[in-house]
There are 2 protein chains.
Amino acid sequence: MRIPILKLNQYLLITIQVDLDDKTALQFQEDLLEKIHETGAKGVVIDLTSVDMIDSFIAKVLGDVVRMSNLMGAKVVLTGIQPAVAITLIDLGIMMKNVPTALDLEQGLEKLQQELGG
Amino acid sequence: MRIPILKLNQYLLITIQVDLDDKTALQFQEDLLEKIHETGAKGVVIDLTSVDMIDSFIAKVLGDVVRMSNLMGAKVVLTGIQPAVAITLIDLGIMMKNVPTALDLEQGLEKLQQELGG
């Protein structure tokens, strides 16, 4: 399955609603970069509200996608990381370095607007 | 599984990424009405970009949810209906009467803004 990527003005919006397996995650990475290229989006919000579990591979893919998007000129914010997911990430020693996060979609878009405005 | 409902300013945003079975659809109906009550949202966009198939029961539930939300004071727009889904709906004689639709999320939000402004 493919994760749908919605366009909202100059932003892209992705709500991940399935537990990501490795193949889906890599497909998503590719799709998102294509979409940034195609739309010229300035910012991306990836919402993880419905994700119950992130393992080290998925965390790496998400970290990579943030850095790749930055290279292409689009800022990315991850939102809606569940308490249990945050606990697991830290317990496993998985650091999502330099990955901007926010509580929810609303605050994620605000963060993007601040970063793009500044 | 439950369909996540995101809040974006005065709007609620739902992207349905699974083929809805009857139970999930009814749960979604209940969740959405609760969320409208809780947040006081003025408008709702339900994006169906990733839905490949809608049967008559699901069409009825979606139609009902639009009318129920209207009763509670929130406008609803359905967006991203796939060509194949549109063909099936008409072929089956399923009319989604008085259900506002738009091409994509962007145009759906515009439509809501127009309706709420007017």
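Residues numbered from 1 in each chain as written. Chains lettered and ligands numbered in written order. Predicted model: local features only at pLDDT ≥ 70, side-chain atom pairs only at ≥ 80, totals over all residues. Heavy atoms only, no water.

A few words on the overall build of chain A. When helices and strands are tallied, chain A shows four helices and five strands. Put simply, chain A runs from its N terminus to its C terminus through helices and strands in the order β-β-α-β-α-β-α-β-α. Expected size for 118 residues packed as a compact globule is a radius of gyration near 13 Å; at 13 Å, chain A falls within 12% of this value. Across the 118 residues that make up chain A, the buried fraction comes to 48%. Expressed as a percentage of contacts within chain A between residues at least 6 apart in sequence, the contacts between residues at least 24 apart total 73%. Carbon and sulfur atoms form 53% of the exposed surface of chain A, whose accessible area is close to 6000 Å². (Helix = DSSP H or I, 4+ residues; strand = E, 2+ residues; numbered from the N terminus. Rg over C-alpha atoms; globule rule 2.2 N^0.38 Å. Buried < 20%, exposed > 50% of the residue type's maximum accessible area, 1.4 Å probe, protein only. Contact = heavy atoms within 4.5 Å. Areas by Shrake-Rupley, 256 points an atom, 1.4 Å probe, with all protein chains shown as cover.)

What follows concerns the interface of chain A and chain B. Chain A puts 15 residues into the contact, and the matching count from chain B is 15 residues. With both chains or domains summed, chain A and chain B bury close to 1500 Å², and 62% of this area falls on carbon and sulfur atoms. Ranking the residues of chain A by area buried against chain B places L6(A), Q17(A) and E106(A) at the top, with a combined share of 40%. Scanning the region where chain A abuts chain B turns up two salt bridges. Between K7(A) and E106(B) there is a salt bridge, with the nearest N and O atoms lying 3.3 Å from each other. Here chain A and chain B share seven residue pairs in polar contact (both at pLDDT 80 or more) between them. If you list the elements that add at least two residues to the side of chain A that touches chain B, you get strand 1 (6-8), strand 2 (11-15) and helix 4 (105-117) of chain A. (Buried area = accessible area lost by both parts, 1.4 Å probe. Salt bridge = Lys/Arg side-chain N within 4 Å of Asp/Glu carboxyl O. Polar contact = N/O pair within 3.5 Å; in protein donor to acceptor, adjacent residues only side chain to side chain.)

Below, the discussion takes up the confidence of the model for chain A. When pLDDT is averaged along chain A, the result is 91, and 99% of the positions lie at 70 or above. Interface predicted TM-score (ipTM) for the complex: 0.74; the corresponding pTM is 0.84. (pLDDT = per-residue confidence, 0-100.)

All right, on to the environment of P4(A) then. In this structure, P4(A) sits in the segment before strand 1. Here P4(A) falls in the buried class, since its relative accessible area comes to 14%. Between the C-alpha atom of P4(A) and that of T15(A), which follows or precedes it by eleven residues, the distance is 7.9 Å. When neighbours within four sequence positions are excluded, P4(A) is seen to be in contact with L13(A), I14(A), Q17(B) and S50(B).

Before going further, it helps to examine the environment of P100(A). Residues and elements named next belong to chain A. Tracing the backbone through its elements, the reader meets P100 in the loop between helix 3 (83-91) and strand 5 (101-102). The spatial distance from the C-alpha of P100 to the C-alpha of V66 is 8.8 Å, given a sequence separation of 34 residues. Beyond its immediate chain neighbours, meaning those up to four positions away, P100 contacts V66, V76, V77, L78, K111 and E115.

Okay, the relation of the copies chain A and chain B next. If you rotate chain A by 180° and push it 0.0 Å along the axis, it lands on chain B with an RMSD of 0.0 Å. Read as a symmetry element, the transformation amounts to a two-fold axis. Here 100% of the interface residues in chain A have copies in chain B that are interface residues too; the copies meet face to matching face. (Least-squares fit on C-alpha atoms with pLDDT ≥ 70 in both.)

What follows is about the UniProt feature "domain: STAS" (unreviewed entry) in chain A. UniProt records the feature "domain: STAS" (unreviewed entry) at residues 1-112 of chain A, using the numbering of this structure. End-to-end, the C-alpha atoms of residues 1-112 of chain A are 28 Å apart, and along that stretch the chain is 46% helix and 18% strand. (UniProt positions renumbered as here; feature names shortened; annotations may be inferred.)

The subject of this paragraph is the pattern of salt bridges. Pairing is possible between side chains that carry opposite charge, provided their charged atoms lie close to one another. Residue and element names in this part refer to chain A. Applying the stated criterion across every chain, the model contains ten salt bridges over all chains. The closest approach of N and O atoms between D31 and R2, which form a salt bridge, is 2.9 Å. Highlighted residues: D31 in helix 1 (residues 22-39) and R2 in the segment before strand 1, separated in sequence by 29 residues. Its salt-bridge partner being K60, residue D64 comes within 2.7 Å of it at the nearest N-O pair. Here the residue D64 and the residue K60 both occupy positions in helix 2 (residues 56-71), the gap between them amounting to four residues, near one helical turn.

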